[in-house]
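Each chain, letter by letter, is given below.
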Amino acid sequence: MKLQITAKRVLMVGAIAFSTGAAVPALSADQVSFAGKRIDVIVPFAPGGGSDVYMRALAPFLEKHLPGKPTIIVRNVPGSRSIPGANQFQERAKPEGTDVMVVSATTVASFVFDRKKVKFEMDKWEPVLLSPQGAISYASPSLGIKSWKDLPKLKGQQLVFGGQSAASGELRFIMTLHLLGFKTNHVWGLNRGPVRLAFERGEFNVNYDSTPGYMGGAIKLVQAGKAVPIFSAGVINEKGELARDPNVPDLPHFGEAYELVHGKKPSGPGYDAWLSVSKMNTMMNKGIFLPAGTPKPVLDAWRKAIGDMLKDPEFDKTAGKVIEGYPQFIGEAAKPIIKDATSFSPESWSWLKNYFKTEHNVTIE
Amino acid sequence: MAGDLLQALLTLFSVQHLIALVGGTLLGLVVGILPGLGGIAALSLLLPFIYGGDPTVVLPMMIGLLAVTNTSDTFPAVLVGIPGTSSAQATILDGHALAKKGEAARALGAAFSASLLGGLFGALVLTLAIQFARPLILGVGFGEQLMLVVLALTMVGMLTGASAIKGLIMCGMGLLFGSMGAAPATAEERLTFDTIYLADGVPLVVVGLAMFAIPEMVEVLRKRVAISSMPELGSAGVLRGFRETLSHKWLVVRCSSLGVIIGALPGLGGSVTNWVAYGHAVQTARDRSGFGRGDIRGVIGPEASNNADNGGALIPTLMFGIPGSASMALFLGALILIGIEPGIGMMERHLDLTFIIMWSLAIANVIGAGICLFLARPIARLTLVPFVLLAPFMIVIVFFAAFQATRAWEDLIALFVLGLLGMYMKRFGWSRPAFLIGFVLSMQLDASVYQSIQVYGWTFLERGGVLTILALIAVSVVVAARMKPHREALTAEGAHAPVNKTPQAIFMGLLIVACLYTIYDAWHLDFLAKVFPISAAVITLALLAAAVAHFCRHRPNYVFFDSEREWTASEKPAYSDLHFQGWILGLLAAIGVFGFILGVFVYITVFLRLKAGTRWHWAIVGALGAVGVFCLFGYFLALSYPRGLLQGMFNLPWPLD
């Protein structure tokens, strides 16, 4: 629905807005322009992290496709599992399309598990783009396995896994080990990089990496016979079912791994809790949000720019690899995922609470 | 192989590549000089421009930038005692002492030539290591990492100051202070007073500035006209410094090796390197009396190591795809964006680019050190300028730097409070380097003890690597125990006399309270989260008890110290140290009301007019100049500045917002 913009019409719109005292004139997406504006993007992590690279990779294409070709400024507000950055956005962002927030799995985990310190209402923000990112788990051949088909052999063996902490982006993985009934020794306080090094040294015998991390690094270990991929975290398809990761179609997803080990399809509050966590960690791995109350034309302009960006052949050639072959969710399409990721059924929540308490001595509310 | 190496060099000497390399290097020099900004800030500025760029052009630019921030950060460290980046902290001890003696040019000359040699050494080792460092790095497991942390910690023995007990107590306090934040084992929060800011602990940048920059500025403001006590720069110039570096060539080699090793191995970071190198320089010196008061070896050691560190940090980055430091993390991100996948097989896939990285590192170090050496003498003249004229700018820069840490108002408050602490530590002779080392290593120590035991049980002590480093630790402890620090004789009236004990007693009492509070705070936590802070607090309390015993005896001893007693009544400065702390608080107030840009303008104008007696119009010109520079940086580096009440009430246009 293209509108003819005439000077008269613009004047009229202005006059109506003025007379009714509305803060934002009723414009359509085509009339929104960010010409000469600076768009302030908060990345709640230090430079160089996954979310930072994600945003910086997208930024030049957003500049190109947003109406008026604005300048995008990426501002890192690092620390405390992204709570200060998100709180700052909640506090200061104006709903004009010029204040933007990048969210990662960690932000979502903080939002869900750290209610006390969180002042932001992520469930009310307007999503413009959700970029899922899968994960691939692998184990050491020293456990006596040659391929994922040997997965049941891990039962009863002592697994050693290193990670940051229980209530973080690591959750989707450690829960799988628990649900598979494996005995795991967790070693906390470690970032992904040092963990992979420790896996290579043989100090850990089971690990996972995000799919790009796996493709860039751990796959070489697999080729060298020092690691065996065992299953992927999978992705949730349009029907809301768990499906194989499109980047590793030959590897079973966690649901299949569960069946292989237990001999039945996964179900129950534990599996439901994992599905929610998986939406949190996998489907909401990275995302771009505008503040609550952003007018529809502005939202539409952003969503259109994202769509154009994804279709841009240049994007595919360069920055495309940061989204690595996963379906991208634009605007309204993202909302059901966000809802599922941030709300748990009472049964799965109490299962999770119990899991944290008994397995990790961590209390969640 | 050799052919590829030469080919890479030839590529670099084409115009386009050379421009990129020099451009990156210049940018690196600028951000290195500015405290608070380092390679990370500048690299994130470059990221948007590197897209789709030719890797052979983009890489020299990025490497040039990263290679030299540790070169130029020496300027503020030597000249004003402000660490330009956290890897310049150890340089302050002797470098700034030299500047005060009027020998800034000599110190800078030695520092830059040491940086140059260290950087070249790092590049050389990188070239060789890429062939065989893999087993070495894979040999360093959790147990070895723990031992490395302990080895670094023994360097405290070289930095205790006149009283060994007080030095150890300060190290303990550093460990306690560093344990603030989420416990590595359980992610439970310690000493955070339920605030979000403290959940990650106070950033190292803020602690470093508070420990060194603030006390130093207050002291110079009170006691001197200019930083240098001499009216002219000594004849001992840049060239002499250069010659001294060459005559200490083995120190350069040893400290560069330390830098490369610490940079390459997991477990320690760049902020530790310079302290270990400093400790090593002291350990291996025959005559140690001059350290801390302007021994050139105290400049050469850390400066050689911190530039070599870059070469070391690149080894795991390129070979494993695992960043050796924070700026390497960003570099790694950038590599991925231009389509290079570092890690296993990097040598096979991208041999040409690997060599370009190595040559760029070497050449950037030469260019960077060359420019700095050239500028050293003119810039050293700053130490002759009346300090009241420099002071407001320096105070503002320090606050700017602190704010870049996490971009929260709390950074500024933490800087002020810790600055006050640092000032009293200096006055009462409590070692600030010991505190800083404890602080930097605290989390590492806690985490690696827990991780080693979690993975190995106690059997980690049976590993060969662990035993080897354990032997080194024993040597280091013996050397430290046998060291006799240089200290003035005890007299009934001197600084170590038991006169006017109350302020010192209050300070010591606060330390005891801090230890007790740590125990109270940790008590309800999980065993794994509390074992470290409680053990450290108990040991520190035992040491404090020993210090108190000395304190109660009524005769001079080294536990007593008050620098206020170092001069006679006639020399006493007109203002107390709190007077200038008041002025520093004034800046906080100005920013709190007007926001950063306006606040800085008001503050510098008022300071120059009232304290330095400049005429109003010159004061305003000076303040406008500073504001202009901040706006420029703010715009190009996309920095944000602290907001004040004014910004809360009104919507102000850039740059006032």
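As shown above, the structure is provided for reference.
Cut-off values and rules
Residues numbered from 1 in each chain as written. Chains lettered and ligands numbered in written order. Predicted model: local features only at pLDDT ≥ 70, side-chain atom pairs only at ≥ 80, totals over all residues. Heavy atoms only, no water. Helix = DSSP H or I, 4+ residues; strand = E, 2+ residues; numbered from the N terminus. Rg over C-alpha atoms; globule rule 2.2 N^0.38 Å. Buried < 20%, exposed > 50% of the residue type's maximum accessible area, 1.4 Å probe, protein only. Contact = heavy atoms within 4.5 Å. Areas by Shrake-Rupley, 256 points an atom, 1.4 Å probe, with all protein chains shown as cover. Lys, Arg positive; Asp, Glu negative; His and termini not counted. Charge placed at Lys NZ, Arg CZ, Asp CG, Glu CD. Phe/Tyr/Trp six-rings, centres within 6.5 Å; stacked < 30°, edge-to-face > 60°. Core = buried A, V, L, I, M, F, W, Y, C linked by side-chain atoms within 4.5 Å. Pairing = 2+ DSSP bridges. Expected span 1.5 Å × (residues − 1). Bend = angle between axes of the 7 residues up to and from the residue. Patch = residues over 30% accessible without salt bridge, like charges linked within 9 Å, V, L, I, M, F, W, Y side chains within 5 Å. Salt bridge = Lys/Arg side-chain N within 4 Å of Asp/Glu carboxyl O. Axes fitted to C-alpha atoms, helices over the stretch in contact; angles between N-to-C directions. Parallel < 35°, antiparallel > 145°, perpendicular 65-115°, else oblique. Left-handed = near helix turned anticlockwise from the far one by under 90°. Nonpolar A, V, L, I, M, F, W, Y, C, P; charged D, E, K, R; others polar. Disulfide = S-S within 2.5 Å.

Caption draft 1: Focus on the overall build of chain A. When its secondary structure is counted, chain A shows 13 helices and 13 strands. On C-alpha atoms alone, chain A measures out to a radius of gyration of 22 Å, which is about the 21 Å that the 2.2 N^0.38 rule sets for 365 residues. Evaluated residue by residue, chain A yields a buried proportion of 58% over its 365 residues. Restricting to contacts in chain A with at least 6 residues of sequence separation, those with at least 24 account for 78%. By element, 55% of the accessible surface of chain A is carried by carbon and sulfur atoms, the whole surface being about 14,700 Å². The distance from the centre of the 44 positive side-chain charges to the centre of the 34 negative ones in chain A is 2 Å.

Caption draft 2: Structural detail: the packing of aromatic side chains. All names here are of chain A. If you walk through the whole model with that rule in mind, you get 43 aromatic pairs over all chains. Ring centres of phenylalanine 254 and tryptophan 274 lie 4.6 Å apart, and the angle between their planes is 50°; on these two criteria the pair is classed as tilted. On the criterion of sequence distance, the pair formed by phenylalanine 254 in helix 8 (residues 254-262) and tryptophan 274 in helix 9 (residues 269-283) is long-range, its members being 20 residues apart. Using a relative accessible area of 0% as the deciding quantity, one classes phenylalanine 254 as buried. By way of ring pairs, the aromatic residues Phe113, Phe344, Trp349, Trp351, Tyr355 and Phe356 are connected into one cluster.

Caption draft 3: Region of the structure containing the nonpolar core. Within the largest apolar cluster, 249 residues are counted, with the highest numbers of intra-cluster contacts made by A:Leu62, A:Trp302, B:Val202, B:Phe331 and B:Phe387. For B:Phe387, the contacting residues outside a window of four places in its chain are B:Val80, B:Met217, B:Val220, B:Leu221, B:Val225, B:Ala226, B:Ile227 and B:Met394.

Caption draft 4: Representation of the sheet that holds strand 1 (residues 38-43) of chain A. Residue and element names in this part refer to chain A. Pairing in this open sheet of six strands is mixed, and the strands run 2-1-3-12-4-13 from one edge to the other. Only two strands of the sheet have a single neighbouring strand rather than two, namely strand 2 (71-76) and strand 13 (329-330). Here strand 4 (residues 126-131) runs beside strand 13; their pairing, made up of two bridges, is antiparallel. Bridge assignment links leucine 130 to a residue of strand 13, and that residue is phenylalanine 329.

Caption draft 5: A look at helix 14 (residues 297-320) of chain B. All names here are of chain B. The terminal C-alpha atoms of helix 14 lie 35 Å apart, and with 24 residues this matches the ideal 34 Å at 1.5 Å per residue to within 8%. Where helix 14 bends most, the angle comes to about 30°, and this point is aspartate 309. Counting buried residues along helix 14, 24 of its 24 residues qualify, which places the element largely inside the surrounding structure. Glycine 321 sits one or two residues past helix 14 and shows a positive phi near 70°.

Caption draft 6: Summary view of a nonpolar patch on the surface. Residues and elements named next belong to chain B. A surface patch of nonpolar side chains, about 290 Å² in accessible area, is lined by Leu117, Leu120, Leu246 and Val366. Mapped onto the elements of the fold, leucine 117 is located in helix 7 (residues 104-139). Judged by its relative accessible area of 31%, leucine 117 falls in the partly exposed class.

Caption draft 7: Structural context of the packing of helix 2 (residues 15-33) of chain B against helix 4 (residues 55-72) of chain B. Residues and elements named next belong to chain B. Between helix 2 and helix 4, whose axes approach to 6 Å, the crossing angle comes to 30°. In terms of orientation, helix 2 and helix 4 fall into the roughly parallel class. Helix 2 and helix 4 meet at a crossing whose hand is right-handed. Side by side, helix 2 and helix 4 meet where Gln16, His17, Ala20, Leu21, Gly24, Thr25, Leu27, Gly28, Leu29, Val31, Gly32 and Ile33 of the first sit next to Thr56, Val57, Pro60, Met61, Gly64, Leu65, Val68, Thr69 and Ser72 of the second. Within the contact of helix 2 with helix 4, the residues separate by chemical class into eleven nonpolar, ten polar and no charged.

Caption draft 8: Spatial organisation of helix 9 (residues 164-178) of chain B. All names here are of chain B. Here helix 9 contains 15 residues, and its C-alpha end-to-end distance of 21 Å stays within 8% of the 21 Å for a straight helix at 1.5 Å per residue. Within helix 9, twelve of the 15 residues are buried, which leaves it mostly tucked inside the rest of the structure. Regarding helix 9, the residues found buried are Lys166, Gly167, Ile169, Met170, Cys171, Gly172, Met173, Gly174, Leu175, Leu176, Phe177 and Gly178. Where the residues of helix 9 are buried, they touch helix 8 (142-154), helix 10 (204-223), helix 19 (409-427), helix 20 (432-456), helix 22 (502-522) and helix 23 (527-552).

Caption draft 9: Structural context of the state of the cysteines. Residue and element names in this part refer to chain B. Applying the stated criterion across every chain, the model contains zero disulfides over all chains. No disulfide involves cysteine 372; its sulfur sits 20 Å from the nearest other cysteine sulfur, which is in cysteine 255. Exposure remark for cysteine 372: the relative accessible area of 2% places this residue in the buried category. With no disulfide of its own, cysteine 552 has cysteine 515 as its nearest cysteine by sulfur position, at a separation of 17 Å.

Caption draft 10: Fine view of the pattern of salt bridges. All names here are of chain A. Summed over the entire model, instances satisfying the criterion amount to 33 salt bridges over all chains. For aspartate 312, the salt bridge goes to lysine 64, with nearest N and O atoms at 2.7 Å. In this pair, aspartate 312 sits in the loop between helix 10 (296-311) and helix 11 (313-317) while lysine 64 sits in helix 2 (residues 50-65), placing the two residues 248 residues apart along the sequence. The exposure class assigned to lysine 64 is partly exposed, which follows from its relative accessible area of 38%.

Purely geometric stuff here, so don't read any function into it on its own.
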